[in-house]
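The primary structure of each chain is shown beneath.
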Amino acid sequence: MVEKGFMKLAGMVAHSMVDGPGVRFVIFFQGCIHGCKGCQNPDTWNSEGGETVLISDVIEKIRGTKYLDGITLSGGDPLLQAEAAMLISKAAKEMGLDVWCYTGWTYEDIQSGKAGEEAKNALAYMDVLVDGPFVEEMMEGDHIFRGSANQRLIELNETRKMGSIVLV
Ligand code: SF4
């Protein structure tokens, strides 16, 4: 655990073209409990690893980066550090950026509280959730912005409006 106002960070990429549409600032959160076989980022699993940084410093880095369409929270699992995920997402929305988030939980898991109340609340500031664990046996085929076919690109604004899952 880190002190309030801080988060565990695995890394950041200022201008990514592969973690969602357009040009995106990607924040890789440190720590994951899902243990997916074939995970591309096992170095991000250890919640004691990575770098301890101020959440406000991450927000300022985003604010100081030009030519962005959005941000992407990745990892690791960003929703294990739900307060940081929420604060960064909220700040990005205020900057006019759209917010994508990758998580190993399914949308239903999150809604049922399995990822904790804070994770559920963090979703309120996000536009797209790429949900579910990476399943190596389901990685064949063309899954744009996803690792395996079971993962979904959930349009959260429409989902909130309709009351049921709407895909991108
Ligand atoms: S949720 Fe993502 S980071 Fe975590 S083990 Fe699965 S693929 Fe790796």
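One can find the structure itself at the top, above this paragraph.
Residues numbered from 1 in each chain as written. Predicted model: local features only at pLDDT ≥ 70, side-chain atom pairs only at ≥ 80, totals over all residues.

Participant: I'm lost on the overall build of the chain in this one. Help?
Facilitator: From N to C terminus, the chain includes five helices and seven strands. Helices (α) and strands (β) of the chain occur, in sequence order from the N terminus, as β-β-β-α-β-α-β-α-α-β-β-α. A compact globule built from 168 residues would reach a C-alpha radius of gyration of about 15 Å, and the chain, at 15 Å, matches this within 12%. Look at the contacts in the chain between residues 6 or more apart in sequence, and 67% of them connect residues 24 or more apart. (Helix = DSSP H or I, 4+ residues; strand = E, 2+ residues; numbered from the N terminus. Rg over C-alpha atoms; globule rule 2.2 N^0.38 Å. Contact = placed C-beta atoms within 7 Å.)

Participant: Would you explain the nonpolar core in this entry?
Facilitator: For soluble globular proteins, the rule of thumb is that nonpolar side chains tend to be buried together. Among the nonpolar cores identified, the biggest contains 41 residues, and L79, A85 and I88 are the most heavily contacted of them. The element best represented in this core is helix α2 (residues 82–94), accounting for seven residues. In this view, A85 contacts L73, P78, L79, C101 and A122; residues no more than four positions away in its chain are not counted. (Core = buried A, V, L, I, M, F, W, Y, C linked by C-beta atoms within 7 Å. Buried ≥ 20, exposed ≤ 12 C-beta atoms within 10 Å, placed from the backbone.)

Participant: Please explain the site of the ligand as it appears in this structure.
Facilitator: Close to the ligand lie 13 residues, the nearest being C32, C36, C39, G104 and F134. Its residues assigned to classes, the shell around the ligand comprises five nonpolar, seven polar and one charged. (Near = placed C-beta within 6 Å. Nonpolar A, V, L, I, M, F, W, Y, C, P; charged D, E, K, R; others polar.)

Participant: I would appreciate a short explanation of α2 in the present structure.
Facilitator: Structurally, the α-helix is built with 3.6 residues per turn, so residues lying three or four positions apart point the same way. Helix length check: α2 (13 residues) gives 18 Å between terminal C-alpha atoms against 18 Å at 1.5 Å per residue, within 8%. All of the buried residues in α2 are A82, A84, A85, M86, I88, S89, A91 and A92. Looking at the buried side of α2, the elements it contacts are β1 (6–16), β2 (24–29), α1 (55–63), β4 (70–74), β5 (98–102) and α4 (117–122). Remark: G96 follows α2 within two positions and exhibits a positive phi of approximately 85°. (Expected span 1.5 Å × (residues − 1).)

Participant: Sorry if this is basic, but what is going on with the pairing of β1 here?
Facilitator: Bridging between β1 and strand β3 (residues 51–54) involves four bridges; their strand directions are antiparallel. Opposite M7, over in β3, you have V53 as the bridge partner. One ladder, built from five bridges, connects β1 with β2; its direction is antiparallel. When the bridges of β2 are listed, V13 appears paired with V26. (Pairing = 2+ DSSP bridges.)

Participant: Looking at this structure, I do not really get unusual backbone geometry. What am I missing?
Facilitator: Backbone geometry follows two general trends: most residues other than glycine have a negative phi, and most peptide bonds adopt the trans configuration. Across the junction of G75 and G76, the peptide omega takes the value 5°, indicating a cis bond. Structurally, the position occupied by G76 is in the loop between β4 and α2. One non-glycine residue, Y67, lies in the positive phi region at around 65°. Examined against the element boundaries, Y67 turns out to sit in the loop between α1 and β4. The exposure class of Y67 is exposed, given the 8 C-beta atoms found within 10 Å. In this model, F145 sits at a positive phi of 60°, which is unusual for a non-glycine residue. Counting through the fold element by element, F145 comes out in the loop between β6 (128–131) and β7 (152–155).

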